[in-house]
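One-letter residues, chain by chain:
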Amino acid sequence: MEIRARALGLYRSLLRSARTWPGPPSEKTYILEESRLLFRKYQHLSDPTEINQKLFEGETRFEIAWHYKIPYPRLHNLATGSVAEKPSKVVGPSYEVPQNYNAEDLHGSKSQAMICGFSTQV
């Protein structure tokens, strides 16, 4: 019963955060859709360790999203002092941007979106 209560608590927190999210409506919609999608995707898990792992990932992602005010999944960097197999290939944004993301919604205009380093062309 503890796992069920924890899962329901996380789901409620995600739904509440979509209502109170300080970003544009597109980000609020993303939070709702992503929450529903992932909870439905993993609703058939039965192994408690696997369920706890998914709940931990969800709680961590929730905390990181609120801390950085970015609802999209963050890429995980390598630990300091670790060796990458191909370090020259590890480049890109600090977080993953969904395909349907529109930078103009966040920054208000195309010129301001370009100043911030977002390209609106796909």
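You'll find the structure just up there.
Calculation criteria
Residues numbered from 1 in each chain as written. Predicted model: local features only at pLDDT ≥ 70, side-chain atom pairs only at ≥ 80, totals over all residues. Heavy atoms only, no water. Axes fitted to C-alpha atoms, helices over the stretch in contact; angles between N-to-C directions. Helix = DSSP H or I, 4+ residues; strand = E, 2+ residues; numbered from the N terminus. Parallel < 35°, antiparallel > 145°, perpendicular 65-115°, else oblique. Left-handed = near helix turned anticlockwise from the far one by under 90°. Contact = heavy atoms within 4.5 Å. Expected span 1.5 Å × (residues − 1). 1 Å grid on protein atoms, 1.4 Å probe; cavity = no way out; pocket = protein on both sides within 12 Å on 5 of 7 lines; lining within 4 Å. Points joined across faces, edges and corners; volume = space filled by probe spheres on them.

Notes on the packing of helix α1 (residues 2-20) against helix α3 (residues 48-68)
Next up, step 1: It is the contact of α1 with α3, at a shortest axis distance of 11 Å, that shows an interaxial angle of 25°. Comparing the axis directions of α1 and α3 gives the class roughly parallel. By crossing handedness, the relation of α1 to α3 is classed as left-handed. Counted together, Ile3, Arg6, Ala7, Leu10, Ser13, Leu14, Ser17 and Thr20 of α1 and Pro48, Ile51, Asn52, Leu55, Phe56, Gly58, Glu59, Phe62 and Trp66 of α3 form the full contact between these two elements.

What about α3?
Next up, step 1: The end-to-end C-alpha distance of α3, which contains 21 residues, comes to 30 Å, matching closely the 30 Å that a straight helix rising 1.5 Å per residue would cover.
Next up, step 2: On the buried face of α3, the contacting elements are α1.
Next up, step 3: Downstream of α3 by a residue or two, Lys69 has a phi angle that is positive, lying close to 60°.

Quick look at the layout of surface pockets
Next up, step 1: Put simply, the largest pocket is a space of about 1000 Å³.
Next up, step 2: Forming the boundary of the largest pocket are 38 residues, of which Leu10, Leu38, Phe39, Lys54 and Gly58 lie nearest the centre.
Next up, step 3: Every element with two or more residues in the lining of the largest pocket is listed here: α1, α2 (25-41) and α3.
Next up, step 4: In terms of residue count, the dominant contributor to the lining of the largest pocket is α3 (twelve residues).

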